[in-house]
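Listed below, chain by chain, are the residues.
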Amino acid sequence: MIENLQENLIPNVNWENMWEATLETAYMSALAVAATFILGIFLGLILYLTDKGNLWQNKVVHAGAAAFVNIFRSIPFIILIILLVPFTTFIVGTMLGPSAALPALVIGAAPFYARMVEIGLREVDKGVIEAAQSMGANQWHIIFKVLLPESMPALISGITVTSIALVSYTAMAGVIGAGGLGDLAFREGYQRSNPDVTFVATIAILIIVFILQWIGDWITHRLDKR
């Protein structure tokens, strides 16, 4: 019965290709999320710490970091991929395949996440920071034992939102040959007029998004001590 339903409703779906595309999307998403988390926290810390009244107050550095973040988070992702073709080819050696999508994914998502990190850090109670300073904590202790731990629920919530955006970015990257579910939906679904392939690829993307959201919510609730 299941085989009959498949033949009638989704006759053009090759499940082996669908599984391979799903793994490619998961690969791109996982590595991009990990790199974005690290780079985004670094940029977010620079934005926060160099702002007026904070530990590393520096107008020039803050303005430079803010300009970088604002520029790259404002460029539409599909255009960013094209702009980064020479850079991607230099780093990876090709502009095709899942690995070739990673530079654009990280550069496109990290500035967006950096702003969320900055917002999370601003929510840390100034009184906690002042208390740490009064007990003799140096700047690195304040950063790694006060700021980051206190803001971690917000940071995890932010990376959850960013990871979902990254999944949609992988779909766009697939249109220009990065592989994954986006590539399968466009090449096998749209170009060959197989709407069932596009539909199943969309369901697979939604499942990945739901899993990421559930994991992010679970970790956030575990870390939130309020």
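A brief report on the enclosed structure follows.

Analysis parameters
Each chain has its residues counted from 1, running along the sequence as written. The predicted nature of this model means local features are confined to residues of pLDDT at least 70 and side-chain atom pairs, given and counted, to a pLDDT of 80 or more, with totals for whole chains, interfaces and linings taken over all residues. Only heavy atoms go into the side-chain values, all of them from the structure, while hydrogens and water stay out. Labels follow the DSSP assignment, with helices taken as runs of H or I lasting at least four residues and strands as runs of E lasting at least two, numbered in each case from the N terminus. By definition in these notes, contact holds between two residues if any of their heavy atoms fall within 4.5 Å. Working definition of accessibility: Shrake-Rupley area with a 1.4 Å probe, residue cover restricted to the visible protein chains. Lines are fitted to the C-alpha atoms to define the axes, a helix being fitted only along its stretch in contact, and any angle between axes, read from their N-to-C directions, falls within 0 to 180 degrees. Here the angle decides the label: under 35 degrees means roughly parallel, over 145 means roughly antiparallel, 65 to 115 means roughly perpendicular, and every other value means oblique. The crossing is said to be left-handed when, going from far helix to near helix, the turn is anticlockwise and less than a right angle, and right-handed when the turn is clockwise. Under this grouping Gly is polar, as are all residues other than the nonpolar Ala, Val, Leu, Ile, Met, Phe, Trp, Tyr, Cys and Pro and the charged Asp, Glu, Lys and Arg. Here's how the labels work: a residue is buried when its accessible area is under 20% of the maximum for its type, exposed when over 50%, partly exposed in between, all with a 1.4 Å probe on protein chains only. Each polar contact in these results corresponds to two N or O atoms within 3.5 Å; when the atoms are within protein, one needs to be able to donate a hydrogen and the other to accept it, and residues that are neighboring in sequence are counted only if both atoms are side-chain atoms.

## Observations concerning the overall build of the protein chain
Then step 1. Secondary structure assignment for the protein chain yields 10 helices and zero strands.
Then step 2. When the helices and strands of the protein chain are listed from N to C terminus, the series reads α-α-α-α-α-α-α-α-α-α.
Then step 3. Once the C-alpha set of the protein chain is aligned to its principal axes, its extents read approximately 70 × 40 × 25 Å.
Then step 4. Counted over contacts in the protein chain with a minimum sequence separation of 6, partners at least 24 positions apart contribute 74%.
Then step 5. Carbon together with sulfur atoms contributes 67% to the accessible area of the protein chain, which is approximately 12700 Å² in total.

## Re the packing of helix α2 (residues 15-49) against helix α3 (residues 59-74)
The relative placement of two packed helices is expressed as an angle between their axes plus a distance between the axes.
Then step 1. The N-to-C vectors of α2 and α3 enclose an angle of 140°; their axes lie 8 Å apart at closest approach. Comparing their axes, α3 and α2 come out oblique. Crossing angle aside, the handedness with which α2 passes α3 is left-handed. Residues Leu-43, Ile-46 and Leu-47 of α2 form the contact with α3, whose participating residues are Val-61, His-62, Ala-65, Ala-66, Phe-68 and Val-69.
Then step 2. Here the contact of α2 with α3 is built from residues that sort into eight nonpolar, one polar and no charged.

## Topic: the side chain of Ser-29
Then step 1. Along the polypeptide, Ser-29 turns up in helix α2.
Then step 2. Look at Ser-29 and you get buried, because its relative accessible area is 5%.
Then step 3. Polar side-chain contacts of Ser-29 include one of 2.8 Å to the backbone oxygen of Thr-25.
Then step 4. Ser-29 has contacts with Val-167 and Thr-170, leaving out every residue within four places of it along the chain.

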